[in-house]
Amino acid sequence: VFSLMRKLRLTRYAFFYDRFHYFRLISSHLRANGIESYLTSVSFADDLETRAKDLTKEVKRVMQESGKDRFHLIGHSMGGLDGRKMIVDEGMEPHIATMTSVGTPHNGTSFADWGLANGGGSLITFLKKLIELDGFADLSTEACRTLNQRLQDREAKNNVVYHTWSSWQENELILLPFQFSGNIINEYEGKNDGLVAVSSQQWTNKLIAADGTEKTVTQHDFPMRADHFNQIGWWHINMLHGSRWWSRIFHRRKAYELSIRNLYLDIARKLQAETVSSER
């Protein structure tokens, strides 16, 4: 099945594959507008160590398929942490021009703290018989604090340019399964997308190495409200909460999803322009 899906994304059926991909229709939208784009995949909900190694293999695969040696990497949610760890620990710095994170829990999430303090650890052990969920523990605020401290010196000194994108949504408009976690995060950290607080998505505005070397991390805000699910191009029915425009559901969904795709297009174009400018 995975072999077939990989072939589909490289053929005329790529649009069909992209329609049901995690990043909904985003890659095909970029390609339709002249941006060369490649999709990667890593182990679902596994630990950060495993996912970073998976991502390394995926980037090397894309290098072979594309014939390119350096990329702009965009990672959503835990994918942003995967990318950061891969760059430093897997020696992939020469191949990554920019690392852009979207909705990433750089500073962890209080929902992971809450879950681990309320039996989440035991649940993870039980569920491991069915699926890997070790990544949940890697998203605690303490685990991410340790990761940030360990990576900071290298991140401040390497040649990778870092960007973060963050968003939030009113709790009643968040995808229903995320409303519980959103309430918990709101209590401890404030505005969030249902899984990650805005402050954690923003990470930091400056990386400082042990020798005093500094690097700016450019922080961006979504121009529209978006929960963790919306951030990757998906609209959901709960976004109509309190609205009287039920007759225009299709129009609203289509317009909103297009606005997310256009945001990624804008991000990609700016990253390309930024790289060209820095090479002059």
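Provided above is the structure to which this section pertains.
On a predicted model such as this, the values are computed, not experimentally measured, just so you know. (Residues numbered from 1 in each chain as written. Predicted model: local features only at pLDDT ≥ 70, side-chain atom pairs only at ≥ 80, totals over all residues. Heavy atoms only, no water.)

So what about unusual backbone geometry? Which residues, and what values?
Non-glycine residue L25 carries a positive phi angle of around 60°. The topology assignment puts L25 in the loop between α2 (14–19) and α3 (26–32). Despite not being glycine, S77 has its phi angle at roughly 55°, a positive value. For S77, the location among the structural elements is in the loop between β1 (71–76) and α5 (78–89). A relative accessible area of 14% means that S77 is categorised as buried. (Helix = DSSP H or I, 4+ residues; strand = E, 2+ residues; numbered from the N terminus. Buried < 20%, exposed > 50% of the residue type's maximum accessible area, 1.4 Å probe, protein only.)

Could you give an account of a nonpolar patch on the surface, with specific residues and numbers?
Where nonpolar side chains cluster on the molecular surface, the patch consists of W114, F180 and Y188 and spans about 350 Å² of accessible area. The residue W114 is located in helix α6 (residues 110–117) in this model. Look at W114 and you get partly exposed, because its relative accessible area is 30%. (Patch = residues over 30% accessible without salt bridge, like charges linked within 9 Å, V, L, I, M, F, W, Y side chains within 5 Å. Areas by Shrake-Rupley, 256 points an atom, 1.4 Å probe, with all protein chains shown as cover. Salt bridge = Lys/Arg side-chain N within 4 Å of Asp/Glu carboxyl O.)

Can you lay out helix α9 (residues 176–189) for me, pointing to particular residues and giving the numbers?
Along its 14 residues, α9 runs 20 Å from first to last C-alpha, staying within 8% of the 20 Å computed at 1.5 Å per residue. Of the positions making up α9, those classed as buried are F178, Q179, S181, G182, I184 and I185. On its buried face, α9 is in contact with α6. Downstream of α9 by a residue or two, G190 has a phi angle that is positive, lying close to 90°. (Expected span 1.5 Å × (residues − 1). Contact = heavy atoms within 4.5 Å.)

Please give an account of the sheet that holds strand β2 (residues 96–102) that cites residues and values.
The sheet built from 4 strands is open, its strands ordered β1-β2-β3-β6 with parallel pairing. Where the open sheet ends on each side, the last strands, each with one partner, are β1 and β6 (218–221). Ignoring strand direction, the axes of neighbouring strands in this sheet form an average angle of 20°. Across 4 bridges, the pairing between strand β3 (residues 161–166) and β6 is parallel. Residue H163 lies in a different strand from β6, and its bridge partner there is T218. (Pairing = 2+ DSSP bridges. Axes fitted to C-alpha atoms, helices over the stretch in contact; angles between N-to-C directions.)

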